[in-house]
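One letter stands for each residue in the lines below.
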Amino acid sequence: MMLSDEEKIRRLEQAVVSETPKEIRRIYGELGEVSFTARALGTACLYRGLDTVKALVEHGATFLYPGETVQIETMIFSFYRYFGNKYELDYSIMIVGRNKESEKFFEFSDEMEILPVSERARIIDYLCDNSEKTGFRPESLLYFSICNSNEEFYDILKKHGAYVNEKRRWIFKNACNFTCSMDEKEFMIVFGMIARELGGEKIRGNMTFYSTYIANVLSTESFEFILKNFDRTGMNQMKLMKKLVDKGAVDCLAIAAREGWLKYPKKRDELIQYAADSGKAESAAWLLEFKNRTADLAAEREKAEKKAERELNAAPDSVTALRQLWSYKKRDDGTLSISKYKGNQTVVNVPEKIGNSIVTNIESGVLACSNVPRISAEQTAIRKKITKIILPKSLRSIGYYAFLKLVSLEEINLPDGLNGITTGAFMDCQSLKSIVIPGSAEKIGDGAFMGCISLKSVVIAEGVAKIEEHAFEGCTALEVIDFPKSVESIKNIDKNGTAKGKFPNLTAKVFKGSCAERYCLENGIKVLYK
């Protein structure tokens, strides 16, 4: 009786599960050519042993599928190979065994016992010697051996000259996300193999990885390994040393000091203060001992005194003095963008020039009191006391939420040439009483003055064309808004698309037939014609 292809495949797979190698040879001989043997061979590699694998291979079993084989490596289809215009499972990967990833792709048996690693290693050695005959790909298994921390498999595959391709090298170079569930032993095994595979190329890390790893499983051995094999450009040395202090990793602090991380007195003293404030006595004691052992205290004192003297004698508009107050960046056009305020004045004068470059932009959140990263509680308290801001004539743009929640701000000038009032620029400036918006500011953005509960007077110069949603939401003290003819669009100055009843004391100065007149009449706002 002639068996169909499907019946032959099923009969061979049943024999692999239940018969001896000798019986498998007999059955395979009777079946003749079997079109698909990859699953049977993968099962033998994982559960049955080298003799069974040899019995199959000697009769023609391979990891291939019917049709032409096309080798395409992708990152997405790690468990697949491309055969005749479609991806098919690569059953040679079964030999790695059960893990969280492989269980998504292969059906593993709960009734058969997986072979010991040493026995599977012998099978891999045999498959490498017969890779052309069986369609076995050592380089693919090498990738999974690394990911699964299997050094024995890795060593055998490297003995046979296996290597990972460029796409998988890219994965390994960006492999810090592999560490999410690793303990230290597994980390050292996996990344030790990755480092060998990359041959001197650095692994890219990020602060999320460094912070999490150091907080959880760091040892001196793994810290040394990271410093040697990871790209250090992603390391924030101070943040990492604070993690070492938190963990009480004094031996690792010594390594950091050896690498030059504590060579600057300011950084060293900041870390000593952090350790003391955090109650980390052992770390604080080590850092103080390091300071006493290595520092030239007299030279440091002299240097600090000279620096203080220079700063004291510097002109208030000198680059030295302005750097104490502002962080800034150079723009593509050569002008400057203010990125951070570091001063403690309650009247803030934004410079028109720093050195020979003019200031044209203030970035998002520069003076904000909320939702600003990397600003201390002390700095936030200072900002809440700012009463006046003087902006330079050179200013052309202001970032989103630049002055958010400056609750004491009473006065600010908006210079001619400013190209707009951005989203939330003055949101919750609760002491601001009046504002004059220059005509160069084509648009008043969403929520620009939202929550300015003391705002009484708004003068909008000719040239402003648009007023976006919620621009004056919650400004219940408004008494006058002076609208120009140029306004072409008012979405709504309060929420829910209406201003009715929201501004009981407001009178709008408008031109007859203007957009502002129509809006005010529709929303019950008193008008005074200009």
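This write-up is about the structure you can find in this document. (Residues numbered from 1 in each chain as written. Predicted model: local features only at pLDDT ≥ 70, side-chain atom pairs only at ≥ 80, totals over all residues. Heavy atoms only, no water.)

Looking only at helices and strands, the protein has 20 helices and 21 strands in total. Relative to its full complement of 530 residues, the protein shows a buried share of 47%. For the protein, the share of sequence-separated contacts (at least 6 apart) that also reach a separation of at least 24 residues comes to 54%. Carbon and sulfur atoms form 48% of the exposed surface of the protein, whose accessible area is close to 26600 Å². (Helix = DSSP H or I, 4+ residues; strand = E, 2+ residues; numbered from the N terminus. Buried < 20%, exposed > 50% of the residue type's maximum accessible area, 1.4 Å probe, protein only. Contact = heavy atoms within 4.5 Å. Areas by Shrake-Rupley, 256 points an atom, 1.4 Å probe, with all protein chains shown as cover.)

The next thing to look at is the side chain of Asp90. In this fold, Asp90 is placed in the loop between β3 (86-89) and α5 (117-129). Since its relative accessible area comes to 0%, Asp90 is described here as buried. Reaching out from Asp90, the side chain makes a polar contact with the side chain of Arg137 at a distance of 3.1 Å. (Polar contact = N/O pair within 3.5 Å; in protein donor to acceptor, adjacent residues only side chain to side chain.)

Quick look at the pairing of strand β20 (residues 507-510) now. Every second residue of β20 is oriented toward a common face, the buried set being Ala508 and Val510 and the non-buried set Thr507 and Lys509. Pairing of strand β18 (residues 480-482) with β20, which is carried by three bridges, proceeds in the parallel orientation. Looking at β20, one finds that Asp482 is bridged to Lys509. Bridge count for β20 against strand β21 (residues 526-529) is four bridges, and the pairing is parallel. In the strand pairing of β21, Thr507 is matched with Lys526. Assessed by its sense of winding, the connection that carries the chain from β20 through helix α20 (residues 515-522) to β21 is right-handed. (Pairing = 2+ DSSP bridges. Right-handed = clockwise from strand over helix to strand, strands pointing away.)

With respect to topology, three strands assemble into an open sheet ordered β15-β17-β19, the strand pairing being parallel. Of all strands in the sheet, those bounded by a partner on one side alone are β15 (443-444) and β19 (489-490). The pairing of β15 with strand β17 (residues 466-467) spans two bridges and is classified as parallel. Bridge pairing in β17 places Lys443 opposite Lys466.

Now for the packing of aromatic side chains. A full pass over the atoms with the stated rule returns 21 aromatic pairs. Arranged with centres 5.1 Å apart and planes meeting at 85°, the rings of Tyr143 and Phe144 form a pair that is edge-to-face. Ring plane angle 20° and centroid distance 5.2 Å describe the contact between Phe403 and Phe426, whose orientation is recorded as stacked. Here Phe403 is found in the loop between β12 (397-398) and β13 (411-412), whereas its partner Phe426 is found in the loop between β13 and β14 (434-437), with 23 residues between them in sequence. Its relative accessible area of 0% is what places Phe403 among the buried residues. Linked through ring pairs, Phe187, Phe191, Phe209, Tyr210, Phe225 and Phe230 together constitute an aromatic cluster. Positioned above the aromatic ring of Phe511, the side-chain terminus of Lys485 is 5.1 Å from the ring centre. Above the face of the Tyr529 ring, Lys512 is positioned so that its terminal group lies 4.6 Å from the ring centre. (Phe/Tyr/Trp six-rings, centres within 6.5 Å; stacked < 30°, edge-to-face > 60°. Lys NZ or Arg CZ within 6 Å of the ring centre and 35° of its normal.)

Right, let's talk about the sheet that holds β20 for a bit. Strand order in the open sheet formed by five strands is β14-β16-β18-β20-β21, with parallel pairing between adjacent strands. Looking at strand neighbours, the two that pair on one side only are β14 and β21, the edges of this open sheet. The average angle at which neighbouring strand axes cross in this sheet is 15°, direction not considered. (Axes fitted to C-alpha atoms, helices over the stretch in contact; angles between N-to-C directions.)

A few words on the nonpolar core. By size, the foremost hydrophobic cluster in this structure holds 101 residues, and its most contacted members are Phe187, Phe191, Phe223 and Phe230. Here this core gets nine residues from one element, more than from any other, and that element is helix α10 (residues 184-198). Among residues more than four places away in sequence, those in contact with Phe230 are Phe187, Phe191, Lys202, Ile203, Arg204, Gly205, Phe209, Tyr210, Phe225 and Met235. The next biggest cluster of nonpolar side chains, apart from the first, holds 60 residues, and it includes Ile386, Cys452, Phe472 and Tyr519. (Core = buried A, V, L, I, M, F, W, Y, C linked by side-chain atoms within 4.5 Å.)

The next point concerns the state of the cysteines. What we call a disulfide is simply a covalent bond connecting the sulfur atoms of a pair of cysteines. Scanning all chains against the criterion turns up zero disulfides. Cysteine Cys429 remains unbridged, with the sulfur of Cys452 as its closest cysteine sulfur at 5.2 Å. (Disulfide = S-S within 2.5 Å.)

What follows is about α10. The first and last C-alpha atoms of α10 sit 20 Å apart over 15 residues, in line with the 21 Å expected at 1.5 Å per residue. Counted residue by residue, α10 has 11 buried out of 15 residues, so it is predominantly covered. Two to three positions downstream of the cap, the backbone nitrogen of Lys185 sits 3.3 Å from a side-chain oxygen, assigning the N-cap of α10 to Asp183. Downstream of α10 by one or two residues, Gly199 has phi in the positive range, about 60°. (Expected span 1.5 Å × (residues − 1).)

The next thing to look at is the environment of Ser440. Locating Ser440 in the fold gives a position in the loop between β14 and β15. Residue classification places Ser440 among the partly exposed residues on the basis of a relative accessible area of 33%. Taking the C-alpha atoms as reference points, Ser440 and Leu418, separated by 22 residues in sequence, lie 5.7 Å from one another. Not counting residues within four places of it along the chain, the set of residues in contact with Ser440 comprises Pro415, Asp416, Gly417, Leu418 and Asn419.

A separate point is α20. Of all the positions in α20, only Cys515, Ala516, Glu517, Tyr519 and Cys520 are classed as buried. Packed against the buried residues of α20 are β19, β20 and β21. Among the residues trailing α20, Gly524 stands out with phi positive, at a value near 70°.

Applying the stated rule across the entire model yields 25 salt bridges. We note a salt bridge from Arg98 to Asp110, for which the minimum N-O separation is 2.9 Å. One end of the pair, Arg98, is in the loop between β3 and α5; the other, Asp110, is in the loop between β3 and α5, and 12 residues separate them in sequence. When the shortest N-O distance is used, the salt bridge between Asp482 and Lys530 registers 2.5 Å. With a gap of 48 residues between them, Asp482 in strand β18 and Lys530 in the segment after β21 connect regions that are remote in the sequence. On the basis of relative accessibility, which here comes to 43%, the residue Lys530 falls in the partly exposed class. (Salt bridge = Lys/Arg side-chain N within 4 Å of Asp/Glu carboxyl O.)

For the pair helix α13 (residues 237-247) and helix α15 (residues 265-277), interaxial distance at closest approach is 10 Å and the crossing angle is 35°. Crossing angle aside, the handedness with which α13 passes α15 is right-handed. Mapping the contact onto sequence places Gln237, Met238, Met241, Lys242, Val245 and Asp246 in α13 and Lys267, Glu270, Leu271, Tyr274 and Ala275 in α15. A class-by-class count of the residues in the contact of α13 with α15 yields six nonpolar, one polar and four charged. (Left-handed = near helix turned anticlockwise from the far one by under 90°. Nonpolar A, V, L, I, M, F, W, Y, C, P; charged D, E, K, R; others polar.)

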